Amino acid sequence: MPDNGPPEEDLLHFASLEEVFGGFSHEMAQPLNAIVIAAQVIQLKVERSSLPEAERTFFNQRLEIISSQVQRATQMIGSLRSFSDSATDFYLQGTNISHIFQRIYDLMQNQFVKRGIGVALQCAGNLPPVKKDLHLVESVVVQCLAYARDSVGTIARWHESQAAPYRKEITAKLVESHRGSVLEIEWSLGTLPGNTVPLDPKSRVGLVTAALVLRSRDGELETSINRVVARIP
């Protein structure tokens, strides 16, 4: 097992990444805005040109794709910026777990799409606002989704090796509890043998750390081989 260095070095590394990424996301916003403006100018030129209708339609469709994808990238960078910025707690006071989950899933969505994993979200009623430690809640959601993603991927690979069908899907449920909110994520084991552990939750450093930090805040994180439950105070 490789030596990852003392915890102090890890904390310094993560703190440095936060600073570097904050600057990177800010710098990326400028070229993206320039691309959108350029696409709009070209689209205006195309509209005023003497090109045949079919060609104008072709160019407009492609330019609209460029604009929509750049807007999506801009939104993702904005979400990443707020995720890495500890000052955003002040501005996000009063948001609930469903909004936090959706924001984090938007950032991770492509990871699920590339693996062919479907995500179904069920939200029960009006959830209470998360009044503090918003970045902790975000981090917990990240770790829960990552564990579900990798577990489903591992189970799917076993089924592929057995030429057996398997539906790659996770179900996330958000419900209110007497102490706050609960995030529950489940997935199927398919025909995996009962004594098989596809992915040991204890091997996930982020998940274990999230459980420890939640416990210190009167919350709880429970895991099994096909389920993770986070109780957010």
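Our subject is the structure listed above.
What comes next is a walk through the structure.

### So, the packing of helix 3 (residues 97-114) against helix 4 (residues 134-161)
For step 1, the next point in the chain: Between helix 3 and helix 4, the shortest axis-to-axis distance is 10 Å and the interhelical angle comes to 40 degrees. On the basis of their axis angle, the class for helix 3 and helix 4 is oblique. Helix 3 and helix 4 meet at a crossing whose hand is right-handed. When helix 3 is examined against helix 4, the residues Ile97, Ile100, Phe101, Arg103, Ile104, Tyr105, Met108, Gln111 and Phe112 are found in contact with a partner set consisting of Leu134, Val137, Glu138, Val141, Val142, Leu145, Ala146 and Arg149.
For step 2, the next point in the chain: Grouping the amino acids of the contact of helix 3 with helix 4 by side-chain chemistry returns 13 nonpolar, 1 polar and 3 charged.

### A word on helix 3
For step 1, the next point in the chain: Spanning 18 residues, helix 3 covers 25 Å between terminal C-alpha atoms, matching the ideal 26 Å at 1.5 Å per step.
For step 2, the next point in the chain: The principal kink in helix 3, of about 55 degrees, is found at Met108.
For step 3, the next point in the chain: What helix 3 keeps buried is the set Ile97, Ser98, Ile100, Phe101, Arg103, Ile104, Tyr105, Leu107, Met108 and Phe112.
For step 4, the next point in the chain: Of the residues trailing helix 3, Gly116 is marked for its positive phi of about 70 degrees.

### Quick word on the environment of Val229
For step 1, the next point in the chain: Of note, Val229 is situated in strand 5 (residues 227-232).
For step 2, the next point in the chain: Judged by relative accessible area, which is 1%, Val229 ranks as buried.
For step 3, the next point in the chain: Placed 55 residues apart in sequence, Val229 and Leu174 show a C-alpha to C-alpha distance of 10.0 Å.
For step 4, the next point in the chain: Contact partners of Val229, with chain neighbours within four places excluded, come to Val182, Leu183, Glu184, Glu220, Leu221 and Glu222.

### Here's the deal with the side chain of Asp150
For step 1, the next point in the chain: Counting through the fold element by element, Asp150 comes out in helix 4.
For step 2, the next point in the chain: Engagement of the side chain of Asp150 in a polar contact is seen with the side chain of Arg149, the distance being 2.8 Å.
For step 3, the next point in the chain: Residues contacting Asp150, with those up to four places away along its chain left out, are Leu199 and Arg204.

### As for the pattern of salt bridges
For step 1, the next point in the chain: Scanning all chains against the criterion turns up 10 salt bridges.
For step 2, the next point in the chain: Where Arg167 meets Glu169, a salt bridge forms, and the shortest distance between an N and an O atom there is 3.5 Å.
For step 3, the next point in the chain: What makes Glu169 partly exposed here is its relative accessible area of 30%.
For step 4, the next point in the chain: Between Arg227 and Glu186 there is a salt bridge whose closest N-O contact spans 3.4 Å. Pair noted here: Arg227 is in strand 5 and Glu186 is in strand 3 (residues 180-187), with a separation of 41 residues, a long-range link.
For step 5, the next point in the chain: On the basis of relative accessibility, which here comes to 29%, the residue Arg227 falls in the partly exposed class.
For step 6, the next point in the chain: For Glu186, a relative accessible area of 28% translates into the label partly exposed.
For step 7, the next point in the chain: Overlapping salt bridges, with partners in common, bring together Lys173, Glu184, Glu186 and Arg227 in one network.

### Here's the deal with the sheet that holds strand 2 (residues 169-177)
For step 1, the next point in the chain: Spatial ordering of the open sheet is given by 1-2-3-5-4, a layout of 5 strands whose pairing is mixed. With one partner strand each, in any of the chains shown, strand 1 (118-123) and strand 4 (220-224) form the two edges of the open sheet. With direction set aside, neighbouring strand axes in the sheet form an average angle of 10 degrees.
For step 2, the next point in the chain: As paired elements, strand 2 and strand 3 share 8 bridges and run antiparallel to each other. Directly across from Ser177, in strand 3, lies its bridge partner Gly180.
For step 3, the next point in the chain: Contacts between helix 5 (residues 205-216) and the sheet are confined to strand 4 and strand 5, with strand 4 contributing the most and set at about 145 degrees to the helix.

### Some thoughts on the packing of helix 4 against helix 5
For step 1, the next point in the chain: Following both chains from N to C, one finds helix 4 and helix 5 inclined at 145 degrees, their axes separated by 9 Å at the closest point. Note that helix 4 runs across helix 5; the crossing there is left-handed. Of the residues in helix 5, those touching helix 4 at Leu136, Val140, Gln143, Cys144 and Tyr147 are Gly206, Leu207, Ala210, Val213 and Leu214.
For step 2, the next point in the chain: Of the residues assigned to the contact of helix 4 with helix 5, the class counts are 8 nonpolar, 2 polar and no charged.

Analysis parameters
Residues numbered from 1 in each chain as written. Predicted model: local features only at pLDDT ≥ 70, side-chain atom pairs only at ≥ 80, totals over all residues. Heavy atoms only, no water. Axes fitted to C-alpha atoms, helices over the stretch in contact; angles between N-to-C directions. Helix = DSSP H or I, 4+ residues; strand = E, 2+ residues; numbered from the N terminus. Parallel < 35°, antiparallel > 145°, perpendicular 65-115°, else oblique. Left-handed = near helix turned anticlockwise from the far one by under 90°. Contact = heavy atoms within 4.5 Å. Nonpolar A, V, L, I, M, F, W, Y, C, P; charged D, E, K, R; others polar. Expected span 1.5 Å × (residues − 1). Bend = angle between axes of the 7 residues up to and from the residue. Buried < 20%, exposed > 50% of the residue type's maximum accessible area, 1.4 Å probe, protein only. Polar contact = N/O pair within 3.5 Å; in protein donor to acceptor, adjacent residues only side chain to side chain. Salt bridge = Lys/Arg side-chain N within 4 Å of Asp/Glu carboxyl O. Pairing = 2+ DSSP bridges.

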